[in-house]
Amino acid sequence: MSDSSDDLPLSRLNHQTVVRNRAEGVVQISDKGKGTRKKMRRASCHDSGSDGEISAMKRKKMKSAGNLRSGHNESAGNKKVIKPKELMRVQRVEQGIAAFEWWNSPDPPEGKAWQTLEHCGMTFEPQYKPHGVAVLYDGVPISLTPYQEELATFYAAMPEDGPQLNVSGGQREIFQRNFWDDWHKVLGKSHAIKSFDKCDFSDISKHLDRLKFVKRAASDAEKVVARELRDDCQLRSGYAILDDHLEKVGNFRMEPPSLFRGRGKHPKTGVVKLRVEPDQVSINCGASRPPPICLELGRSWGEIKHDDTVTWLSTWHENVMQSNKYVMLAANSSLKGKSDFKKFQKAMQLKGCIERVRHDYHKNLKSKDRHLKQQATTMWLIDTLALRVGGEKSEEEADTVGCCSLRVEHFTFHKTGKDVDLEFLGKDSILFKQSIDFAGFDEHGQQAYDNIREMCRSKKKNEQVFELIEPTSLNAHLSSIMPGLTAKVFRTYNASETLQNQLPDAEHVIEMRSIGDKLIAYNEANRIVAILCNHQRTVSAAAATGLEAQAEKLEQTQEQKIAATAAYEAATIKKREANKSKQAEAHRFSKLPDEKDVSRRIDIWTEKIKKLEIDLRNKEENKEVSLGTSKANYLDPRISVAWCKRCDVPIEKLFSRP
DNA sequence: ACTTAGACTTGGAATAATATTG
DNA sequence: CAATATTATTCCAAGTCTAAGT
């Protein structure tokens, strides 16, 4: 690491080639053969597997690097030599990154996130290029300045029935009003355009559609060029060096300006999200390393910081919600991996003292102290229904709630029956709607029910049920039971616990014939977790029609089977008849389908139908459930990997790697 | 003690890449 | 081999939680 070019900023090494030396297992980013050289230990082909705990995490993070080689070995037995797929430049770099065993690397000192950090800052989209297509005002084309046109184009790009705009409560109107407020300001008081209603953006919309069409119709050669450009950008700015190893950066491209798209009934939807320039961006990098060079001609970064207690590389302020945004390392980086590992470790720690925690709130459900009683009741809900804690929100955001912010109006008690309807909009305005049989959950459910009922009494509809409880106080209480325990940990813990319980036993799984059947069993457990966490997705029009088509296909296959069965029966009958009316005539039916042949074909159809049915049922059940979130954030990979090992399922069937 | 800014995880949808099928 | 289905990745909003400020 003493090469002189080591001190060259990453951003300057922009036309380098990346070479992966197979024999030595060395990854180099070399400048035409000489210069910087990053050595990395290569992931060993077969994992040592001794360090039980982490080895599972490690398996999850293992890359196809191993695959490539195993593919090679197999081909040795085969006569034909299968050439490994040629890798793109980006893939080669990322294979090198994946070879780093972060789980075996030492942690930075307490309180520090890193010791050295070098990266390339952010990239920016080119400035707006006017297209000159006019907005019609009262039927008359109006010429606009480039900036005015840019905003008009943002609006024109939004289809009439665009996402989130059909939310009941007139989101389309809010969207338009917010856009008009901002655009009107930019147009100025004396502008010819005075009212939104007379504006017609359809010419711009058509222009944009044409551009989209052209892009879609691009030739293969053009697509290759586009891909090359993207790869160049990725190689130039997409990686960081943290504590002397290469890491992938997550979102190094500056968000382009646009109209803000809040979820649900967001009061700010349609507000102009401004273009952010380099001088509004702060950079965080190691003091001993050269800071990134701003690639925008004649521009520079706003501020250079050297804060080794945080993990962000760049940050800027966003004008719509007044929030900070960050560039961080990618989800599969060592930093995120370690933090992920800690999260699941904490959940395991909760497993060790869950009895104590539950005993605590079970006891307090009957407390005379109002605060304690509310606290215990919220804990019952968080632990049992996997609700989020639910902090307070401002008027400037969509009205969504979590446990602490639940209001009387979200509960519906019925005179008959013990079920309670709980209905509210949670994170991302996703609907939570369940009929809850409190007493059915555990022996404390009845008490929780009584408490909530009592807390709702004598309160107005829009008042909070647990007005004494705030996330901070709830978390403070939890931390007093177990250090570091917060409400969020319960979701992780209960998700992991559910996965563990729902995965079928190995003895049962190992009997399954195909990997496919095993994967269905895993997905089933995954789905139960997703349902617990209320991870939903909307059924797109395309998905709905796809489902219909599949149902039709199933029906067709069934018909074919019926036809085949009929043919089979006809054949047997005729054979029997032939036998009866002497052998002499039997040759007449020699062309009839052979009995065995037909019955084999029926078997094939039966198999096919079975497969289609399973497939369809699976899809139908997954239609509104999103498995991705729970898989990415809640399922402890160690549980999944252990299950795979026991059930003889290759882990890469569950976890793909970039 | 209370409020707010900052930092980081979680989340669904859009989009790109890849696999499968007709 | 093109059309289509499936899967992975990107995007960026929206949560949680800690720490700093007052």
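Residues numbered from 1 in each chain as written. Chains lettered and ligands numbered in written order. Predicted model: local features only at pLDDT ≥ 70, side-chain atom pairs only at ≥ 80, totals over all residues. Heavy atoms only, no water.

K.L.:
Summarise the pairing of strand β13 (residues 314-318); cite the residues concerned and give the values.
P.N.:
Within β13, 4 of the 5 residues are buried, which leaves it mostly tucked inside the rest of the structure. Relative to β13, strand β11 (residues 282-284) runs antiparallel, the two sharing 2 bridges. The residue of β13 that forms the bridge with S282 is T315. Of the strand pairs in this sheet, β13 and strand β14 (residues 323-327) are connected by 5 bridges, and their pairing is antiparallel. Across the sheet, residue H317 finds its bridge partner in β14, namely N324. Turn length for the β13-β14 hairpin, with the two strands adjacent in sequence and antiparallel, is 4 residues, and the turn residue Q322 shows positive phi of about 55°. (Buried < 20%, exposed > 50% of the residue type's maximum accessible area, 1.4 Å probe, protein only. Helix = DSSP H or I, 4+ residues; strand = E, 2+ residues; numbered from the N terminus. Pairing = 2+ DSSP bridges.)

K.L.:
Any chance you could break down the packing of helix α4 (residues 146-156) against helix α5 (residues 171-187) for me, citing the residues and the numbers?
P.N.:
The interhelical angle for the contact between α4 and α5, taken along N-to-C directions, is 175°, at an axis separation of 10 Å. Accordingly, the angle class assigned to the pair α4 and α5 is roughly antiparallel. Of α5, the residues touching α4 (which contributes Y147, Q148, L151, A152 and Y155) are R172, F175, Q176, F179, W183, V186 and L187. A breakdown of the residues in the contact of α4 with α5 according to their chemical character gives 9 nonpolar, 2 polar and 1 charged. (Axes fitted to C-alpha atoms, helices over the stretch in contact; angles between N-to-C directions. Parallel < 35°, antiparallel > 145°, perpendicular 65-115°, else oblique. Contact = heavy atoms within 4.5 Å. Nonpolar A, V, L, I, M, F, W, Y, C, P; charged D, E, K, R; others polar.)

K.L.:
Can you lay out the protein's contact with DNA strand B for me, pointing to particular residues and giving the numbers?
P.N.:
Taken together, the neighbourhood of DNA strand B is formed by 29 residues, with K336, S339, K427, T629 and Y634 sitting nearest. The sugar-phosphate share of atoms of DNA strand B within 4 Å of the protein amounts to 88%. Within the side chain of R491, a nitrogen or oxygen atom sits 2.8 Å from a phosphate oxygen of DNA strand B. Counting residues per element, the ones that place at least two in the surface near DNA strand B are β14, α8 (334-364), α13 (487-502) and α18 (628-633). The dominant element in the surface near DNA strand B, judged by the number of residues it contributes, is α8, at 3 residues. Partitioned by chemical class, the residues of the surface near DNA strand B number 7 nonpolar, 11 polar and 11 charged. (Near = heavy atom within 4 Å. Polar contact = N/O pair within 3.5 Å; in protein donor to acceptor, adjacent residues only side chain to side chain.)

K.L.:
Outline a positive patch on the surface, supporting the account with residue identities and numerical values.
P.N.:
A cluster of like positive charges, contributed by K553, K608, K611 and K619, occupies part of the molecular surface. For the positive patch, the leading source of residues is helix α17 (residues 595-622), giving 3 residues. With respect to the helices, strands and loops of the structure, K608 is situated in helix α17. Looking at K608, the relative accessible area reads 44%, which means it is partly exposed. (Patch = residues over 30% accessible without salt bridge, like charges linked within 9 Å, V, L, I, M, F, W, Y side chains within 5 Å. Areas by Shrake-Rupley, 256 points an atom, 1.4 Å probe, with all protein chains shown as cover. Salt bridge = Lys/Arg side-chain N within 4 Å of Asp/Glu carboxyl O. Lys, Arg positive; Asp, Glu negative; His and termini not counted. Charge placed at Lys NZ, Arg CZ, Asp CG, Glu CD.)

K.L.:
Summarise the protein's contact with DNA strand C; cite the residues concerned and give the values.
P.N.:
Taken together, 25 residues are adjacent to DNA strand C, and K325, G390, K393, K488 and K619 come closest. Expressed as a percentage, the sugar and phosphate content of the atoms of DNA strand C within 4 Å of the protein is 96%. Of the residues contributing to the surface near DNA strand C, the split by class is 5 nonpolar, 9 polar and 11 charged.

K.L.:
Go over the pattern of salt bridges, please, and point to the residues and values.
P.N.:
One pass over the structure, following the stated rule, counts 30 salt bridges. Residue K185 is joined to D182 by a salt bridge in which the shortest nitrogen-to-oxygen separation is 3.6 Å. Pair noted here: K185 and D182 are both in helix α5, with a separation of 3 residues, about one helical turn. Of the charged contacts in the structure, one is a salt bridge between R227 and D231, with a shortest N-O distance of 3.5 Å. On the criterion of helical spacing, the pair formed by R227 and D231 is a turn pair, its members being 4 residues apart in helix α7 (residues 220-237). For R227, a relative accessible area of 44% corresponds to the partly exposed category. Among the residues examined, D231 registers a relative accessible area of 8% and is labelled buried. Through salt bridges that share partners, E524, R527, R617 and E621 make up one connected network.

K.L.:
Run through the environment of I193, naming residues and quoting values.
P.N.:
When you line up the elements, I193 lands in the loop between α5 and β6 (199-200). Separated by 122 residues in sequence, I193 and T315 have C-alpha atoms that sit 37 Å apart. Aside from chain neighbours lying at most four places away, what touches I193 is Y137, I142, L144, W180, W183, L187 and C199.

K.L.:
Kindly report on the nonpolar core, identifying the contributing residues and their values.
P.N.:
Grouped together as the largest cluster of nonpolar side chains are 43 residues, with contacts concentrated most on L350, L381, L406, F438 and F490. Sorting the residues of this core by element identifies α8, α9 (370-385), β16 (420-425), β17 (431-436), α11 (445-456), α12 (471-481) and α13 as the ones contributing at least two each. Those residues in contact with L350, other than ones at most four positions away along the chain, are V357, M482, L485, V489, F490 and Y493. Among the nonpolar cores identified, the runner-up in size contains 24 residues, and Y137, C199, L208 and V272 belong to it. (Core = buried A, V, L, I, M, F, W, Y, C linked by side-chain atoms within 4.5 Å.)

K.L.:
Quick one: what's the story with the sheet that holds strand β4 (residues 135-137), residue by residue and with numbers?
P.N.:
With antiparallel pairing, 3 strands are arranged side by side in an open sheet as β5-β4-β6. Pairing within the sheet leaves two strands with one partner each, and these edge strands are β5 (140-142) and β6. Across 2 bridges, the pairing between β4 and β6 is antiparallel. Its bridge partner being in β6, L136 is matched across the sheet by D200.

K.L.:
I'd like to hear about the UniProt feature "active site" (unreviewed entry) in chain A, residue by residue, with values.
P.N.:
Mapped onto the present numbering, the UniProt feature "active site" (unreviewed entry) falls at Y634. Here Y634 is to be found in the loop between α18 and α19 (637-647). When residues no more than four places from it in sequence are discounted, the contact partners of Y634 are F344, R491, T492, A495, S496, C533, H535 and T629. Here the side chain of Y634 touches R491 through a polar contact of 3.0 Å, side chain to side chain. (UniProt positions renumbered as here; feature names shortened; annotations may be inferred.)

K.L.:
Please provide a residue-by-residue account of α13, values included.
P.N.:
With 16 residues, α13 extends 23 Å from end C-alpha to end C-alpha; this agrees with the ideal 22 Å at 1.5 Å per step. Along α13, the residues classified as buried are A487, V489, F490, R491, T492, Y493, N494, A495, S496, T498 and L499. Check the buried side of α13 and you find it contacts α8, α9, α12, α15 (515-532) and α19. (Expected span 1.5 Å × (residues − 1).)

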